[in-house]
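The chain contents come next:
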Amino acid sequence: MIRIQPLLFKISLVLIFGVMSLPAYSQLIMGAKGLGMGQAATALPGYDWSLFSNPALLNGNDTSVGFYGLRNYGFAEITDMSAMASMPTGYGVAALGFHRYGDNLFNETRIRLGYKNEWQMLHFGLVANYNHISFGANYGSGGALGLDVGIAAEITDDLWVGARSTNVNRPEYQYQSMNEYLPREISIGLSYGLNELAVLAFDMVKDVRFPASYRGGLEISVIENLKGRIGVTTEPLSYSMGFGYGMDRWDINFAVQKHELLGFSPGIDFMIYF
């Protein structure tokens, strides 16, 4: 029984979070910078992980490759892992991303193909997003293809506005005898840069099934190449903080988010630029 009880506890925990994830799903926004700023990433220009937050703001300056991991509430069974790559071309910015949440008992996988371009002041982006969900022990699996769209513009110097809508085609998983719609969100955001010393960001995010979430974050340049971040998110209430250090060809970011009930979730990402 000494060995069986921890195993039963682990299975029960994963199943509980698996069931919870059907309406709530895993993290939709990737990247430790965004996490440290309360996930207020809808209007952050050049954000490396914009493929998952607002494709209209994909980084168009460098070819980049990145990796990200988030240990939700300290449990390995409900970890988010992501990878992405983006490349500027003569016809816009192309990006490819991968995201996996969970383990062999319950997991969700996303493969994202994105494109960004701009016309005068308007930036616009589109993402084709294949989602696959799987339950262990032959309980079934299913897939669906969603479409995300985003727009953004710099209104005045360093003042950006952005908007994003996910799964605009209303995709749904179909597995066993269950049909489940993918999350559909609309977000509107603002960000303002203060002479390269600080960046303020604010988002309002509305899932069609849940109350509106308000998110805010602040990034401050501490010393050369080192930045500190804090943020807050409502619905559910959580607080976050983090830091990032970067050079010309690489960047590393760390953040931790504290849920009001479930505890701490540490995340880290690493970017390489070419």
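## Focus: the packing of aromatic side chains
How two aromatic rings sit relative to each other is set out by the distance from centre to centre and by the angle between their planes. On inspection of all chains with the given rule, the structure shows seven aromatic pairs. Taking the centre distance of 5.9 Å and the plane angle of 55° together, the rings of Trp-49 and Tyr-68 count as tilted. A residue pair is termed long-range when its members are at least 10 positions apart, and Trp-49 in the loop between helix H2 (32–36) and strand S1 (64–71) and Tyr-68 in strand S1 qualify at 19 residues. The exposure classification of Trp-49 matches that of Tyr-68, with both residues buried. Residues Phe-243 and Phe-254 carry aromatic rings whose centres are separated by 5.9 Å and whose planes lie at 40° to one another, so their mutual orientation is tilted. Of the two residues, Phe-243 is situated in strand S14 (residues 238–246) and Phe-254 in strand S15 (residues 250–259); the sequence distance between them amounts to 11 residues. Since its relative accessible area comes to 31%, Phe-254 is described here as partly exposed. An aromatic cluster is present here, built from Trp-49, Phe-52 and Tyr-68 joined pairwise through their rings. Over the aromatic face of Phe-264 sits the side chain of Lys-258, whose NZ or CZ is 5.6 Å from the ring centroid.

## Structural notes on the side chain of His-123
Structurally, the position occupied by His-123 is in strand S5 (residues 122–135). For His-123, a relative accessible area of 11% gives the class buried. Polar side-chain contacts of His-123 include one of 3.3 Å to the side chain of Lys-116. Once residues lying within four places of it in the same chain are set aside, the contact partners of His-123 are Ala-56, Lys-116, Asn-117, Glu-118, Gly-150, Ile-151, Ala-152 and Trp-160.

## Quick look at unusual backbone geometry
For the bond from Glu-235 to Pro-236, the omega torsion is 0°, close enough to zero to count as cis. Take Pro-236: it is sitting in the loop between strand S13 (226–233) and S14. The phi dihedral of Arg-170 is positive, around 55°, even though this residue is not glycine. Note on Arg-170: relative accessible area 46%, which makes it partly exposed. One non-glycine residue with positive phi stands out, namely Glu-235, at about 55°. Topologically, Glu-235 is positioned in the loop between S13 and S14.

Here is what the cut-offs are and how they apply
Residues numbered from 1 in each chain as written. Predicted model: local features only at pLDDT ≥ 70, side-chain atom pairs only at ≥ 80, totals over all residues. Heavy atoms only, no water. Phe/Tyr/Trp six-rings, centres within 6.5 Å; stacked < 30°, edge-to-face > 60°. Helix = DSSP H or I, 4+ residues; strand = E, 2+ residues; numbered from the N terminus. Buried < 20%, exposed > 50% of the residue type's maximum accessible area, 1.4 Å probe, protein only. Lys NZ or Arg CZ within 6 Å of the ring centre and 35° of its normal. Polar contact = N/O pair within 3.5 Å; in protein donor to acceptor, adjacent residues only side chain to side chain. Contact = heavy atoms within 4.5 Å.

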